[in-house]
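# Reading the structure
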Amino acid sequence: MGYELISLVYPFLCRACDRFVAREQVFCSDCFSRIKKIPPSFISLTTNISIKIYSVSDYKEPLRSLILRKKSSDRLAARQLGEIMSRLDVGKFDYLIPVPLHWTRYARRGFNQSREIACVLSKKFDIPVVDLLKRAKRTRFQSNLSHDLRQDNVDSVFVVQRKYHDIYCAIVRGKNVLLVDDLCTTGATLKNVARPLLAGQPRSISAIVACRVV
Ligand SMILES: [Zn+2]
């Protein structure tokens, strides 16, 4: 089947304004030009370790709607975010680690948007994806917990997958790892994901997201 015929059946539309676009283009040039790029930023993890965060833009249109499509189980939207994120100029990394989704949410949505993004980035950057972590529990409502319990609740949100228990130090020691998520709001999630990696003594922990709330 020729490309023209396919495009008649499945027209390629801009994700923001529904105008026709060239094959595999996410946005038309007008909407693409509305993406306001932002430079990398840092959040501190410990007193002497920071996470460098690469992001395409602030949490604004047109990317905001693309991120929100995950609620409608739109796997293509996640892959399109990955496509746009792959244009970011990041350095050399050894592993991509997607932020895990709690299994109940995974069951409802059918996919983990962070992992979809990581798979696109893996091809473009030629870096392997390692599902090193899992989300142990959903973050409970914090305010009625005592301070110690609150800290414990935060610390144990993400844990190393059982199958990696014996080898995860060997995997991350001296390596540059890049965490992958769609959105960074306060940075708390990225910090929680990074914490269990510290025992493995990676050389650096960075993160890549589509949008960061600034
Ligand atoms: Zn458009």
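Our structure is the block above this text.
Nothing here was measured: the structure is a model prediction, and the numbers come from that model.

## Topic: the coordination of the zinc ion
At the metal site, the zinc ion is ligated by Cys14 (SG), Cys17 (SG), Cys28 (SG) and Cys31 (SG), and these contacts range over 2.3 to 2.4 Å. Because the angles between the four donor atoms bound to the zinc ion fall within 103 to 117 degrees, the donor set is best described as tetrahedral. For cysteine 14, a relative accessible area of 1% gives the class buried. On the accessibility criterion, cysteine 17 (32% relative accessible area) is partly exposed.

## Re the pairing of strand β8 (residues 204–212)
The buried fraction of β8 amounts to eight of the nine residues, a majority that puts the element mostly inside the structure. Two strands pair when backbone bridges link them, and strand β2 (residues 50–58) and β8 are joined in this way by six bridges, in the parallel orientation. If you follow serine 55 over to β8, its bridge partner there is valine 209. Sheet topology note: the strand β6 (residues 176–180)/β8 ladder contains five bridges and is parallel. Bridge pairing links valine 180 to isoleucine 208 in β8. Bridge count between strand β7 (residues 183–184) and β8: two bridges; the pairing is parallel.

## Some thoughts on the nonpolar core
Among the nonpolar cores identified, the biggest contains 32 residues, and Phe27, Leu63, Leu66, Leu81, Met85, Leu121 and Ile208 are the most heavily contacted of them. Those elements that provide at least two residues to this core are β2, α3 (63–68), α4 (75–85), α6 (113–125), β6 and β8. Core analysis: the next-biggest nonpolar cluster, separate from the first, contains 27 residues, Leu45, Val99, Leu132 and Phe158 among them.

## Structural notes on unusual backbone geometry
At the junction of glutamate 61 and proline 62, the peptide bond is cis and its omega measures out at 5 degrees in the coordinates. Along the chain, proline 62 falls in the loop between β2 and α3. A positive phi angle is found at serine 73, which is not glycine, with a value near 55 degrees. Here serine 73 lies in the loop between α3 and α4.

Quick notes on the rules
- Residues numbered from 1 in each chain as written.
- Predicted model: local features only at pLDDT ≥ 70, side-chain atom pairs only at ≥ 80, totals over all residues.
- Heavy atoms only, no water.
- Donors = N, O, S within 2.8 Å, 3.2 Å for Na, K, Ca; no water.
- Tetrahedral: all angles 85-135°; square planar, octahedral: opposite > 155°, others 65-115°.
- Buried < 20%, exposed > 50% of the residue type's maximum accessible area, 1.4 Å probe, protein only.
- Helix = DSSP H or I, 4+ residues; strand = E, 2+ residues; numbered from the N terminus.
- Pairing = 2+ DSSP bridges.
- Core = buried A, V, L, I, M, F, W, Y, C linked by side-chain atoms within 4.5 Å.

All we've got here are geometric facts, nothing functional implied.
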